[in-house]
Each structure stands twice: as C-alpha cells, then as structure tokens.
Amino acid sequence: MHPSAHVDTFARDHLPPAGQQPDYLFDLPALQFPARLNCASELLDRHVAEGRGQRVAVRAPGLCWTYAELQAAANRIANVLVQSMGLVPGNRVLLRAPNNPMLVACWFAVAKAGGIAVATMPLLRAKELGAIVRVGQVTHALCDAALAEELRLTVQEAPGLGQVRYFHDDGPQGLEAAMARASPVFENVATASDDCCIFGFTSGTTGVPKATMHYHRDVMAICACWPPHLLRANADDVFIGSPPLAFTFGLGGLVLFPMAVGASTVLLEKAGPQQLLQGIQDYGATVCFTAPTSYRQMAASGELLRRTPLRKCVSAGEALPASARALWKQATGIELIDGIGATEMLHIFISHDEATARPGATGKPVPGYRAKVVDEEGRELPPGTVGKLAVQGPTGCRYLADARQQAYVRDGWNITGDAYLMDADGYFHYQARTDDMIVSAGYNIAAPEVEDALLAHPDVAECGVVGQADAERGQIVKAFVVLRPGCVGDAAMVRTLQDFVKRTVAPYKYPRSIVFLEQLPRTSTGKLQRFKLHAR
Ligand code: 3UK
C-alpha cells in the first residue's frame, strides 16, 4: 500500500487482511494509477484547470451550475468541514439528501478534504442510520434540512457523531451561511490512490448492514472501464436517471461518469417514471440510468420520447427480462444497455453495448474485468451450466471488519451471490440470487430485516419473509405471520402490520402480501425453512 494521507486511520485499520481481499487486475493502460490520487481533482478540478469551467456540470429544477460553480461550492464546503467542523483526513462523513446539486457538492467536498463519504438512502429511518453510524464510526454529517428529522433522532443515540450541518437551511447555523463565510479556494488533500473515499453500505441477507470500502483509485477505475468501452458518452451528453446517489449505481451513472467526460447531469429529487419522463423532455437528456421496471412503465410514452434527443438507456440493479428489452426498443427505437453491478464491485462488470446486446443475457465481462461460473468448490464450470458467478477486476470486495468477507471473496475471486450460466459464445445469463435477498422494484430488501420489524409488533408471534415473483416489480415482499392467541388475521390486521413496518424501517421494505399461518415450517433445530415458504 502507498503511504496514506489519512490522519484518522480507522479505514486502513479495518481493511480486510490482504489475504482475504480479491486479486486485482490492472491490465488496461488506463488503470495505471500514481501513488497519490484524489478523485475530486480528476473529475472536477481538472475541467476548470483545462479551461472548461464555464460548461454546465449540474442541472436541477431552477438551478444550473457550471463546473467552476460546482468547484467553488465544493471548495467552500471543504473549508467548512476542515475549519469549522474539525474534519481530519480519514474521518467519515454521513451524507443525506435526495439527489440534488448540494449533495454532489458535499460529496466532492468530502473527497477533496480526504474524508470518506457515507451516503445514505433518503428513506432510511433513525434505526437504520444508527447502525450505519455505528459500523462506520461516522463523526460528521451533512444533511438536507428536508431530511433532518430522522438524523436528529440518530444523533441523540450516537455520541461519536458530533459535527452535523444542515443545508437548504437559511438560518445562521445552516451550511449555506458557513459557506458564505468560507473561501471558494481549497487545496485538495494529496490522498494515496489506495486511501478510502467511499463507504458504500449494503444490507446483505441478514439485514445487518455492512460497509464496502472503496479507494480513490476505485472511483477512477470504474470511470476507465465500462463508460468508455460500452456507454461511450461524450462532453455534449446530458445524463439523467433515478437511482439515489447513495446507491453506487446512481453515484456512477449520475455523477462520476458524466463528470469523467465533462458532460452535464440532471438531478431529480423525485424520479419515478412520470418525473423521469418529464425530466428527459424538460432538459433534453441524452443518457438515462434507471431500473427495468421504470423502463417498462415509461415505454407507454414511446412516441413522446422519440421526439427527445434521448439516445442511450442503461438498465441495472436487477435482471432485465427479454420482454422489457423488446418493449423499450419497440417503443423508443433504443436498444437498452444492461449491466450487472454490485456495491462490492462499485459498478458494472458484465455488460454489452447496443450492437452486441443479446435478449435474456447480461453480456460479457467489461474490459478490465473477467468472469467465470463456478461450482461450490470454486471449480470453473463448462458453458451452459448454471453455477455461481465469480468476477475479478480493478475493483473488488472489501467489507469493513466483517466476517462475511470470506463468503464474498474466495480464492481471490468475488462471488456475487448470483446464479449464472455462460453460453458457448461467452455471454453471461442471469438465473437468480443464490441467497434470500429480495429485490423489489430495484430496491434490495433483506428478508430478516423485515421479519425483525414485524416481530416488534405485539400481535406477532412468529414470521417468515420471502420474495414472491411479481411481473411488475420483479419480486414483492411476502410475509408469513403466526399471530398471538386471540388475535384475528383479517384485512384490518394486514393493514395494521403493514403500517407498523413502514414506521420502523424504510417504507419500501413493507410486506405487500401477508399470509397468516398456524405455524412456520422449521427444522428440528428450530431454523426457519425458507424454501418451504417459497414453495407455498
Ligand atoms: C443484482 C443484477 C441481474 C445482482 C448495482 C449497477 O445493483 C447494484 O448493486 P447492489 O449491491 O446489488 C447487486 C446485485 O443486484 N443485479 C444488479 N444488476 C443486475 N442482476 N442483472 C443485472 N443487470 O444480484 C447483483 O449481485 O444493490 C448495479 C451498478 C452499481 C450497483 N451497485
């Protein structure tokens, strides 16, 4: 490893040991990284230094920032972090906002100051935020005033989280007031290329959140692999999309990739199919990132979309059925670009471009990555055989102090938890998740976490949660509930339990279907037999 610029060594101290990390591939010429690298210098400051400061970087309703303006905002926030909030390189900064320009400025401010960005899903509640703060030992927070409530509750329980500022706040204590007093000039910390700048949280199958750790060089590596080889966007493109920036699919697609080529990005705080459709028209978007369900719904407006400059559409987060690809092509004339990515890998590692798309297949390993299908013992399987997907590339899984590292990384390969087969032409075909993660409308929902939420209700004796196939959402959350004696399993109870779950965890995790049972199928040792619930 290179000498770190981190003063707070928490991240380095908690990296998985080298022997438990995956092997990294740096074969491509674009993946030769210097010892010192700050991704904010490359993605933001470079454009201003090379004379592109007046080009548009970020747009949002009622707002348009050039690269120079975004740089000034990020520099002011970096100065506030360091001078007023006492940030030292290596500290973790919780970021909390819907997708908007201030969130992007805060993200770059953290990178500039050598901090580690911990972006959080806007819908998370204090319970979930508290776990993230604990696992990541988060010391600072920058939060949109619109999402202040759950963070205030979190702060009460988290003594280590001592420095919090709110933005979109006109008050004298707000971030904007502090920014106005701060200098628009900041000298970026000369971080090591292998200093962490992102902790990306993923809830995994058990629902206990784990942090994936990513370096400055990982950010530049994902910009050097998939975008130039498969997306091939340029400085005149206008990016738009729905994934939250707390999801690395969104961070890459809506911030890192447009900025790597000096393009502009449109940020929408609400980006359901209707708002996305409107946004594409209003801003003349040319490149769109969203999930398969969203494309399916927007396809009804194909005629309208044909009159916009939209030219590239990327689908990820869940499998893209051949029918959704065909529907979108027919409606808009655009061939979707599918790609499988993972929080552990930071972004997409198997994909294709418009010319090489094959219905029902995710594609081939992205340049810079390699992939294979293996059996339980890690032996490579012949084409046409279903097994576990294993990948390697410049990025890979590093869980922060978590025993699950040894399940994800085996013999130097990242095992994503997906069942895949490779055909005779080298195309990879998705089959299923190998674990119990429910993926509903693009959201990852861990079954045990929903079970925990349900069990907190006084009328619930036992429960088991599974994903049920659903044409619209891919999967929906289905709960099997055993009620306490004397409680009645009627429609009113279904509503009561659904509302209860929505109040304790992010509302999108609530069980859309609830079935009442007399007892749950269990093994003799008392373990829930999920496969039996699936079979019902
Ligand atoms: C599933 C897909 C089939 C798959 C992600 C792009 O989804 C992302 O990260 P997550 O950590 O989930 C990873 C898991 O999601 N998946 C994602 N994309 C596809 N399955 N086809 C796809 N195209 O099970 C994978 O293991 O939430 C996606 C970029 C960055 C990301 N973090």
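Conventions adopted
- Once a new chain begins, its residue numbering starts again from 1 and follows that chain's sequence as written.
- Only residues with pLDDT of at least 70 are given local features in this predicted model, and only at 80 or more are side-chain atom pairs given and counted; all residues enter the totals for whole chains, interfaces and linings.
- No hydrogens and no water enter the side-chain calculation; it runs on all heavy atoms of the structure.
- Burial classes: relative accessible area under 20% of the type maximum marks a residue as buried, over 50% as exposed, and values in between as partly exposed (1.4 Å probe, protein chains only).
- Numbering of helices and strands starts at the N terminus; helices are DSSP runs of H or I of at least 4 residues and strands are runs of E of at least 2.
- Any two strands between which DSSP finds at least two bridges are classified as paired.
- An automatic or database domain assignment is the source of the domain bounds shown.
- Residue contacts are counted whenever heavy atoms from the two residues lie within 4.5 Å of one another.
- The term buried area denotes the loss of accessible surface (1.4 Å probe radius) that occurs when two parts are joined, taken as the sum for both partners.
- The rule for a salt bridge is simple: a side-chain nitrogen of Lys or Arg has to be within 4 Å of a carboxyl oxygen of Asp or Glu.
- Points on a 1 Å grid over protein atoms alone make up a cavity when a 1.4 Å probe fits among them but cannot get out, and a pocket when they form an open set with protein on both sides within 12 Å along at least five of seven lines; lining residues each have an atom within 4 Å of a point.
- Grid points are joined across faces, edges and corners, and a volume is the space filled by probe spheres set on the points.
- Any residue that is not Ala, Val, Leu, Ile, Met, Phe, Trp, Tyr, Cys, Pro, Asp, Glu, Lys or Arg is counted as polar, Gly included; the first ten are nonpolar and the last four charged.

Participant: What is the right way to look at the pairing of strand β11 (residues 287-290) in this model?
Facilitator: Regular strands place side chains that alternate from one sheet face to the opposite one. Here β11 shows no split at all, with V287 and F289 on one side and C288 and T290 on the other all buried. With 3 bridges connecting them, strand β9 (residues 238-241) and β11 associate as parallel partners. Residue pairing for β11: G241 is matched across the bridge by F289. Note that β11 and strand β12 (residues 312-315) share 4 bridges and pair parallel. Bridge pairing in β12 links V287 to K312.

Participant: Whenever I open this one, the domain arrangement of the protein chain confuses me. Can you help?
Facilitator: Put simply, an interface is often sized by how much accessible area is lost when its parts join up. What the domain assignment lists for the protein chain is domain 1 (38-190) and domain 2 (437-535). Here the C-alpha centre of domain 2 lies 37 Å away from the C-alpha centre of domain 1. With 5 residues of domain 1 at the contact, the number on the domain 2 side is 10 residues. At the boundary of domain 1 with domain 2, total buried surface from both sides reaches about 600 Å², with 57% on carbon and sulfur atoms. In terms of surface lost to domain 2, no three residues of domain 1 exceed L123, R125 and E128, which account for 71% of the buried area on that side. At the surface where domain 1 touches domain 2, the tally comes to 1 salt bridge.

Participant: What am I meant to see in empty space enclosed by the protein here?
Facilitator: Gaps left between atoms show up when a probe the size of a water molecule is rolled over them. Under the criterion given, the structure shown has 3 cavities of 30 Å³ or more. Size it by volume and the largest cavity reaches roughly 60 Å³. Together, W107, A117, A119, I198, F199, G200, L245, A246, T248 and L251 line the largest cavity. The biggest single contributor to the lining of the largest cavity is strand β7 (residues 196-202), with 3 residues. Its residues assigned to classes, the lining of the largest cavity shows 8 nonpolar, 2 polar and no charged.

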